[in-house]
Amino acid sequence: MGVESQVNTRRQVPPHVFVLFGATGDLAHRKLFPALYQLEKKGLLPDGMSIVGTARRSYTDDTFRDEVRKALDSFVKEGVEEDVWSRLAPRIHYIAGNVDNEDDFRKLADFVAEIEKEKDHGGNRLFYLSMAPRFFGETALNLKKAGLADTKGWRRLIIEKPFGHDYQSAAELNQELSTAFSEDEIFRIDHYLGKEMVQNIEVIRFANSMFGPLWDNRSIACVQITSSETVGVEDRASYYETAGALRDMVQNHMLQMVMMVAMEPPSRLHTEAIRDEKVKVLRSLRAYREDEVGQYVVRGQYAAGEIDGKPVPGYREEPGVAPDSKTETFVAAKLFIDNFRWAGVPFYIRTGKRMPKKSTEIVIQFRNMPEHLYFNQDGKLGPNLLVIRINPVEGMYLQLNVKRPGTENVVVPVALEFSQPADKSPEAYERLLHDAMHGDSTFFTRWDEVALAWKFVDPIANAFAEDRVPLDTYKAGTWGPKASDDLVQPNPGLWWPLYGNESPMQDLERAVGHLVEVKR
């Protein structure tokens, strides 16, 4: 939950009408309906809360409820409880409509008004645009024209990424949205910010005094952030061909994690204080000219290979992908944050498809012990690591060096590990919906964050488009092109291993690659 919700995370959301555009789409079925179900199950939806789905297809309330139930049966892992469904189903309504038809918006306005007459919703309305981004601006304008955005209570708008295709398109979209909604009413959702361990970064940093003196360039040698997927482009080729890994992952998810790690302590645990510090990180992020992008950024595209022993096609052989496509499915980059805390510390980011393991982890590598002294006489003693595991395992571990039991002079790495079952944590969309319903925008992106992120990414995208950065291929089932390994030379010399669903305790010595025998 956001900081505004930390005092009482079981607080019911206020009464309102939740209007879901794109209610027949994949995101609604896989994520949003299960999130609403979980909120109902936990008693967080009040009596005066109604759900209105709208899309082009024709449904009655009853037939749409049947569709919602099918989605819950498919995507609620623990199974649907009948008493919860009996409470949720009456909340659900449906009206067909086309987002480019103003008359349909007027019909929607009348439909919502009728629902509000039946129960007291406080005049509050939350609009969720689960649709193609090209419709965002037009939909916001039509909400205003039809009077849906004019209400006696609060009104809020949630939009999904991508927020534009570059800075110019993002600015144009923001201008369109701003004609109908103010900045504090616009909730730009990035589901990574709803993940348990991403939200835990600020707690790890600011609730543990041991890390305060260590969280800077005097103690930290580098930071590595990896988000890898085993899947390919699947059925997203039409979107992915225009976005690529840079726009799909780096501009939002990866930079958000960089901000969470690098931000200064906020003056208070209030929404705007936290977001202000995140923005300062982007302002300090070293921008690269188009002619120097190739020194700091690697791009790649997967070729045919194997995943879990099964052959998989290359990106250009995927359905819907151009046979000569130059779209990147992998990006690695070496970033620098030019402020007093982080000067000289490289932040390495890496994201790609068709990699050996699905894993998102942040590795904080501390500086090495001095060479030729004590237990590091030959310079082979491994560094200490703090690893924050975001997905699929939620947890963290601290890697230390200790004497192997039963020996006199063998030093081995061990992991002090904490992990929790992922199914015990709320799904990201459940958290973020709850926060938006409360008006807590802590873990949503503010316009200046979006603008600065695009300004950083645009020169890189231009360099890609002009072939100033080689498009390296990598075999599916590997960790990306060799150039990404060269990027981390000489510090630290390797990408630290990711464990996916495994525990680092099982294989740490082999992964580190050596034991240290101390010379006395």
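Residues numbered from 1 in each chain as written. Predicted model: local features only at pLDDT ≥ 70, side-chain atom pairs only at ≥ 80, totals over all residues. Heavy atoms only, no water.

**A few points about the environment of Pro 481**
Logical step 1: Counting through the fold element by element, Pro 481 comes out in the loop between strand 17 (471-475) and helix 13 (482-487).
Logical step 2: For Pro 481 and Val 298, which are 183 residues apart along the polypeptide, the C-alpha to C-alpha distance reads 8.3 Å. (Helix = DSSP H or I, 4+ residues; strand = E, 2+ residues; numbered from the N terminus.)

**Quick look at the UniProt feature "domain: Glucose-6-phosphate dehydrogenase NAD-binding" (unreviewed entry) in the protein chain**
Logical step 1: UniProt records the feature "domain: Glucose-6-phosphate dehydrogenase NAD-binding" (unreviewed entry) at residues 19-200, using the numbering of this structure.
Logical step 2: Regarding residues 19-200, the helix share stands at 45% and the strand share at 16%, and the terminal C-alpha atoms are separated by 30 Å. (UniProt positions renumbered as here; feature names shortened; annotations may be inferred.)

**Considering unusual backbone geometry**
Logical step 1: With an omega of 5°, the peptide bond between Lys 161 and Pro 162 qualifies as cis.
Logical step 2: One can find Pro 162 in the loop between strand 5 (155-160) and helix 6 (167-178).
Logical step 3: For the bond from Asn 391 to Pro 392, the omega torsion is 0°, close enough to zero to count as cis.
Logical step 4: Structurally, Pro 392 is set in the loop between strand 14 (385-391) and strand 15 (394-403).

**Some remarks on the sheet that holds strand 5**
Logical step 1: As summarised here, the arrangement of the six strands in space is 3-2-1-4-5-6, forming an open sheet in which the pairing is parallel. The open sheet has two edge strands, strand 3 (92-96) and strand 6 (186-189), and neither has a second partner. Going from strand to strand, the sheet's axes swing by 20° on average, the running direction of each strand aside.
Logical step 2: Sheet topology places strand 2 (residues 49-55) next to strand 3; five bridges connect them, and they run parallel. Bridged to Val 52 within strand 3 is His 93.
Logical step 3: Against the sheet, helix 1 (residues 26-41) contacts strand 1 (16-21), strand 2, strand 4 (125-129) and strand 5, and its axis sits at roughly 165° relative to strand 1.
Logical step 4: Of the strands in this sheet, strand 2 and strand 3 are in contact with helix 2 (residues 61-75), which crosses strand 3 at around 115°. (Pairing = 2+ DSSP bridges. Axes fitted to C-alpha atoms, helices over the stretch in contact; angles between N-to-C directions. Contact = heavy atoms within 4.5 Å.)

**Observations regarding the nonpolar core**
One recurring pattern in soluble globular proteins: nonpolar side chains tend to sit buried together.
Logical step 1: If you look at the biggest cluster of nonpolar residues, it comprises 150 residues, and the most contacted ones within it are Phe 18, Phe 21, Leu 335, Phe 347 and Ile 362.
Logical step 2: Each of two domains, domain 1 (17-160) and domain 2 (193-367 + 427-489), supplies a minimum of three residues to this core.
Logical step 3: Membership of the second largest hydrophobic core comes to seven residues, among which are Val 387, Ala 415, Trp 496 and Tyr 499. (Core = buried A, V, L, I, M, F, W, Y, C linked by side-chain atoms within 4.5 Å. Buried < 20%, exposed > 50% of the residue type's maximum accessible area, 1.4 Å probe, protein only. Domains from an automatic or database assignment.)

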